[in-house]
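Overview (structure and organization)
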Protein chains: 2
Amino acid sequence: MQPQKNGENKSITIYDIAKEAGVSASTVSRVLTNSANVRSEKKKKVLALIEKYNFKPNALAKGLADTKTRTIGVLAADIRNPFYASLFVECENAARAVDYTVVLCNSLGETDKEVELLGKLQEQRVDAIIQIGGRGDDLASNVEYVELINQIMAKTPVVVTGKLDGTRCHVVRIDAMKAMEILMDHLLELGHKRIALIGGRKDVLSTFEKHQRYKQILKENMIEFDPALVAEDGGYNFETGYRQMNEMLDKGVRPTAVVAINDFSAMGVMRSINEHGLQIPQDISVVSYDNTYMAEMAIPKLTSVDYNYEEYGRKLIDTATAMIEGRKTGQLRMVMPTLVVRGSSGPAPLEL
Amino acid sequence: MQPQKNGENKSITIYDIAKEAGVSASTVSRVLTNSANVRSEKKKKVLALIEKYNFKPNALAKGLADTKTRTIGVLAADIRNPFYASLFVECENAARAVDYTVVLCNSLGETDKEVELLGKLQEQRVDAIIQIGGRGDDLASNVEYVELINQIMAKTPVVVTGKLDGTRCHVVRIDAMKAMEILMDHLLELGHKRIALIGGRKDVLSTFEKHQRYKQILKENMIEFDPALVAEDGGYNFETGYRQMNEMLDKGVRPTAVVAINDFSAMGVMRSINEHGLQIPQDISVVSYDNTYMAEMAIPKLTSVDYNYEEYGRKLIDTATAMIEGRKTGQLRMVMPTLVVRGSSGPAPLEL
DNA sequence: ATTATAAGTGAAAGCGGTTTCAATTAGACT
DNA sequence: AGTCTAATTGAAACCGCTTTCACTTATAAT
């Protein structure tokens, strides 16, 4: 009943197993790693002892000895965001399938924390680092940061979900242009012409690309671009979506459809629309990105672009392991978005 | 431009630093750990080299040598649930403050995965394990599982958020009775008498306790217990909340208030109520637990019990480190809930 | 039965740190 | 200058596993 004292009990080691089995430690190691033939009677005996003592080989010693940990560090921006959480879980699954372990850190958007955690991951000798969100998603590469990443990459492969010019980082990311295209096609088909863009910062690559594509598509469809319909520099959460939509409506700007930067943002947009006494989708359609569980909870349910998290996670892990093992993959891999249509988008209202 | 080859470049070690600084490795180790006096000129020189090469001591070697990793494993049920995500982030913060690192694993509710991950954490020689959700929250302890945990605890302290009879696990958990009490007080004060309970499984400790307390409170207030108002054995998500509320309303059962097991569940409940043409809170009030960001997004905003995640995370980490360091703490620590009242709860409608 | 070849095995040297122990060196006081 | 104590230091052992190397034992082929 005493509190657990530290170092109270020596761990059992392969030497203990070896002694009791009447073999050498090398042999135990061989059965553990299945790295060489071991006479089956001895193997059986060793296995039995491992079972008996519930022996767990010390991963630190192992990692130290063979300089690989079969561990991949995932540095996420904020795991409380279901987009990141879903992606992380799928990374975990994919890693598991190829016998790797992932370890998660959250930078919470703070660059210095991000730098610190990157260092910590290196200390732990993770075999590779996957950065989800964070500086690696920025549109413009920060010089110091690029230098840091290059320094890290001298030892540890890094894969990011954005881009990082000036580094040999591999990247796996969503085809943001395509994602915008899907949404626009959907809305245009429904007859919308006054389509607003809410949320996001343009210094984030994917957001930037979406805005680019948005303008292109308008042009292709001979719709005049109206700056009033684009809310610049908002965030990615409920409050900013709510606020930006309020501002737009309060100014008397009336889109017939809104593309929100993600589901959080969309929820804010929807609330704002409701509070202005307007109906979704009769007066204004709302669509967004990420297709998180919130899309199902919204009233009406939210039309949202899905990213196939499972595929995304798999590609991320596959790229990381490829870099670790010197296997070659494309340096840039895309994840294709698909549209999930729900009740929040409908035909454009008739022109007055 | 070649893909990163594995083991391409030997890491720089304390020996390299030592040589260049003209001191012994022991000295470098001393400045690294600040474990003993080192003449300041040498110290300065060593520090300079560390800086110069951006030297990161190998955590594996360190862990192996001193048998502590300053790492705490967190085994969560599902990080996609914002409740767990928030708690995890706060654990991370709290750990950081005392110079520990946390590593996350998700069991996704699968017991065998949970067992496997527990093993993995032990292999990695985490100094302690915190189990958030999962089997450690079950009402009735499973014999095999208890044995497993005891086996683990022979080496590694474990703290759970539920309870685990038959082990020396420490536990930090929410005062679920109090949480129910807060909600009931609020509803009773608003004049509600027909209060429904939706969601959750009674084999989960906290849910069980809530149900217990619910009945007690009814009795204390001379309200007759009506089984029709309690949906047994649902889940903790949107769909189950939605389905259970539908079933209740379709059966003609009409509560004036609903206590949902968490915000997810509450969102389902709210949708069901809406679809039945009823108003929240005019016809039915809805309240729930966890106070996640969804509470703010709901329409109307959701009255929910908050758990002070920061305090919770801090207590969890403090308990873990206490066990690691042989410091004593209570074996059971509670986190007190508070009520956040929003628009989803209002006065009971007048009796017909 | 005799070789040639393959399979199985143990000793020992790392991996990169920490820590004990004994030896030096510095500083404080007569 | 001489002595005593405290502060610094380096050598070497060790943490627990992998792996090379050389050697022994089996198995297959002649």
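In this text the structure is predicted, and so the values were computed from the model without any measurement.

**A closer look at the packing of helix H10 (residues 238-250) of chain B against helix H11 (residues 263-275) of chain B**
Residues and elements named next belong to chain B. Where H10 meets H11, the closest approach of the two axes is 6 Å, and the angle between their N-to-C directions is 40 degrees. When the interaxial angle is binned, H10 and H11 end up oblique. The way H10 lies across H11 gives a crossing that is right-handed. Contacts from Phe238, Gly241, Tyr242, Met245, Asn246 and Leu249 in H10 reach Phe264, Ser265, Met267, Gly268, Val269, Arg271, Ser272, Ile273 and Glu275 in H11. Each residue belonging to the contact of H10 with H11 can be placed in one class, and the counts come to eight nonpolar, five polar and two charged.

**Here's the deal with the relation of the copies chain B and chain A**
Least-squares fitting of chain B to chain A yields an RMSD of 0.0 Å, with the transformation described by 0.0 Å of translation along the axis and a rotation of 180 degrees. The symmetry that links the two subunits is that of a two-fold axis. Among all residues of chain B, the one whose C-alpha sits closest to the rotation axis is B:Leu60, at a distance of 2.4 Å. An overlap of 100% is found between the interface residues of chain B and their copies at the interface of chain A, pointing to a shared contact surface.

**So, the protein's contact with DNA strand D**
As a matter of local geometry, DNA strand D sits amid 25 residues, with A:Ile14, A:Ser29, B:Thr27, B:Arg30 and B:Asn37 nearest to it. The share of sugar and phosphate among atoms of DNA strand D within 4 Å of the protein is 62%. Side-chain polar atom of A:Tyr15 to a base nitrogen of DNA strand D: 3.3 Å apart, as the coordinates give it. For the surface near DNA strand D, the secondary-structure elements that each account for two or more residues are helix H1 (14-21), helix H2 (25-33) and helix H4 (59-66) of chain A together with helix H2 (25-33) and helix H4 (59-66) of chain B. Here the residues of the surface near DNA strand D are counted per class, giving 10 nonpolar, nine polar and six charged.

**Comments concerning the protein's contact with DNA strand C**
Around DNA strand C sit 27 residues in total, of which A:Thr27, A:Arg30, A:Asn37, A:Lys42 and B:Ser29 are the nearest. If you look at DNA strand C and keep only atoms within 4 Å of the protein, 65% of those are sugar or phosphate atoms. A:Ser26 places a polar side-chain atom, nitrogen or oxygen, 3.1 Å from a base nitrogen of DNA strand C. Contact between DNA strand C and A:Arg39: a phosphate oxygen at 2.8 Å from a main-chain N or O atom of the residue. Taken together, the elements giving at least two residues each to the surface near DNA strand C come down to H2 and H4 of chain A together with helix H1 (14-21), H2 and H4 of chain B. The class makeup of the residues in the surface near DNA strand C is 11 nonpolar, nine polar and seven charged.

**Examining the sheet that holds strand S9 (residues 303-306) of chain A**
Residues and elements named next belong to chain A. Across the sheet, five strands lie side by side as S6-S7-S8-S9-S11; this open sheet has mixed pairing. In the strand order of this sheet, the two ends are held by strand S6 (195-198) and strand S11 (338-340), each with one partner. When strand polarity is set aside, the average angle formed by the axes of neighbouring strands in this sheet is 20 degrees. Of the pairings in the sheet, the one linking strand S8 (residues 285-289) to S9 comprises three bridges and is parallel in character. In the strand pairing of S9, Tyr289 is matched with Val305. Packed onto the sheet, helix H10 (residues 238-250) meets S6 and strand S7 (257-260) and runs at close to 140 degrees relative to S6.

Rules of the game
- Residue numbers run consecutively from 1 along every chain, following the written order of its sequence.
- Chain A is the first chain written and ligand 1 is the first ligand written, with later ones labelled in order.
- In view of the model being predicted, local features appear only for residues whose pLDDT reaches at least 70, and side-chain atom pairs are presented and counted only at 80 or more, with totals across whole chains, interfaces and linings using the full set of residues.
- Heavy atoms throughout the structure, all of them, feed into the side-chain values; hydrogens and water do not.
- Throughout, an axis means a line fitted to C-alpha atoms (over the contacting stretch in the case of helices), and angles, computed between N-to-C directions, take values from 0 to 180 degrees.
- The helix and strand labels rest on DSSP assignments: H or I over at least four residues marks a helix, E over at least two residues marks a strand, and numbering proceeds from the N terminus.
- Note on angle classes: values under 35 degrees are labelled roughly parallel, values over 145 roughly antiparallel, values of 65 to 115 roughly perpendicular, and the remainder oblique.
- Handedness of a crossing follows from how the near helix is turned relative to the far one, being left-handed for an anticlockwise turn of less than a right angle and right-handed for a clockwise one.
- Note on definitions: a residue-residue contact is assigned when non-hydrogen atoms from the two residues lie within 4.5 Å.
- Ten residue types, Ala, Val, Leu, Ile, Met, Phe, Trp, Tyr, Cys and Pro, are classed as nonpolar, four, Asp, Glu, Lys and Arg, as charged, and the remainder, Gly among them, as polar.
- The copies were overlaid by least squares, fitting only the C-alpha atoms of residues that reach a pLDDT of 70 or more in each copy.
- To be near a molecule or strand, a residue needs just one of its heavy atoms within 4 Å of it.
- N or O atoms closer than or at 3.5 Å make up a polar contact, with two conditions inside protein: a donor-capable atom paired with an acceptor-capable one, and, for residues adjacent in sequence, both atoms drawn from side chains.
- Two strands pair if DSSP finds at least two bridges between them.

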